[in-house]
Amino acid sequence: FTLLMAATLVVVRGMLVRILVLFMLAIGTIDQWMRTSTRPLSPPGPHRWALPIIGNLPHLMMMTQNLPMHQALCEMSKRYGPLLELRLGGSQRLLVVSLPDIASLVLQKHDKIFSGRAPNIATSILASSPSPGIAFSNPGSKWKLLRRVCTTQLFAPKNLITFRCSFLHSYP
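Everything in this summary refers to the structure shown in the same document. (Residues numbered from 1 in each chain as written. Predicted model: local features only at pLDDT ≥ 70, side-chain atom pairs only at ≥ 80, totals over all residues. Heavy atoms only, no water.)

On to the overall build of the chain, then. On a plain count of helices and strands, the chain comes out with 9 helices and 2 strands. Overall, the chain shows an N-to-C arrangement of helices and strands of α-α-α-β-β-α-α-α-α-α-α. Every one of the 172 residues in the chain was classed for burial, and the buried ones make up 14%. Within the chain, residue pairs in contact and separated by at least 24 positions form 33% of the contacts whose partners lie at least 6 positions apart. For the chain, the accessible area works out to roughly 14,100 Å², and carbon and sulfur atoms hold 69% of it. (Helix = DSSP H or I, 4+ residues; strand = E, 2+ residues; numbered from the N terminus. Buried < 20%, exposed > 50% of the residue type's maximum accessible area, 1.4 Å probe, protein only. Contact = heavy atoms within 4.5 Å. Areas by Shrake-Rupley, 256 points an atom, 1.4 Å probe, with all protein chains shown as cover.)

Quick look at the structure:
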């Protein structure tokens, strides 16, 4: 009798586990459907492949096995159109533009929207320091001044030649 009871408990436990897994899959599917139906319009892209933590990275890895990254993105633009969106990680969205007209529109007309960085703990700590430098400062008047100084003083052709000569002489 106890052997029959133990076998019944094992069968019931297996059924409960299956029901629980199916319930969790149903909840996940409904949650994904609700997110995609209420999501604002975004450019096309391989959204179905976007996994919660790693995003479209597996899809990019499959596309770039035999191709350089720029050719893989070109192939993706043939499939999804001249403007596509990829997800890198959980929340980082990457906009890929493959037409010069759209690229000039994005880079010249809407430059304020696309400039800057996504909020990040590390960059917010570095940007809030007294002198974050050109790499971590947000676009604005200070950033423009730093950029102007770098282009006119630091990266001037005469200085680059000097840096190159000193670099070549420092290593045999």
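There is more to say, and it comes next.
A separate point is the environment of Gly81. One can find Gly81 in the loop between helix 3 (69–80) and strand 1 (83–88). The spatial distance from the C-alpha of Gly81 to the C-alpha of Ser98 is 8.4 Å, given a sequence separation of 17 residues. With sequence-adjacent residues up to four places away left out, Gly81 is seen in contact with Met76 and Ser98.

What follows deals with the pattern of salt bridges. Counted under the stated rule, the structure contains 2 salt bridges. Salt-bridge contacts for Lys78 lead to Glu75; the nearest nitrogen and oxygen are separated by 3.5 Å. Of this pair, Lys78 and Glu75 both sit in helix 3, 3 residues apart, which is roughly one turn of that helix. Lys78 sits in the exposed class, given a relative accessible area of 61%. Owing to a relative accessible area of 37%, Glu75 belongs among the partly exposed residues under this scheme. (Salt bridge = Lys/Arg side-chain N within 4 Å of Asp/Glu carboxyl O.)

Looking now at the nonpolar core. Listed in full, the 6 residues of the largest apolar core are Leu60, Met76, Tyr80, Leu84, Leu86 and Val96. At the level of elements, helix 3 and strand 1 are the ones that each hand at least two residues to this core. (Core = buried A, V, L, I, M, F, W, Y, C linked by side-chain atoms within 4.5 Å.)

A cluster of like positive charges, contributed by Lys112, Lys144, Arg147 and Arg148, occupies part of the molecular surface. Broken down by element, the positive patch gets its largest block of residues, 3 residues, from helix 8 (residues 141–154). Of note, Lys112 is situated in helix 5 (residues 111–114). Lys112 gets classed as exposed once you look at its relative accessible area, which sits at 67%. (Patch = residues over 30% accessible without salt bridge, like charges linked within 9 Å, V, L, I, M, F, W, Y side chains within 5 Å. Lys, Arg positive; Asp, Glu negative; His and termini not counted. Charge placed at Lys NZ, Arg CZ, Asp CG, Glu CD.)

Next up on the list: a nonpolar patch on the surface. On the surface, a cluster of nonpolar side chains totalling about 380 Å² of accessible area is made up of Val17, Val21, Leu22 and Leu25. Relative to the elements of secondary structure, Leu22 occurs in helix 1 (residues 2–38). We classify Leu22 as exposed; its relative accessible area is 57%.

Residue pairs spaced three or four apart in an α-helix point in one direction, given the helix's 3.6 residues per turn. Its 12 residues place the ends of helix 3 16 Å apart at the C-alpha level, agreeing with the 16 Å of an ideal helix rising 1.5 Å per residue. Buried residues of helix 3: Ala72, Met76, Ser77 and Tyr80, and no others. Buried residues of helix 3, viewed axially, fall in a sector of 145 degrees; they line one side. Every exposed residue of helix 3 that faces more than 90 degrees away from the buried side is listed here: His70 and Lys78. Backbone geometry just downstream of helix 3 places Gly81 in the positive-phi region, at approximately 115 degrees. (Expected span 1.5 Å × (residues − 1). Arc of directions from axis to C-beta.)

Let's shift gears to the side chain of Ser77. Tracing the chain through its elements places Ser77 in helix 3. Here Ser77 is in contact with Pro82, Leu84 and Ser98, once residues within four sequence places are set aside.

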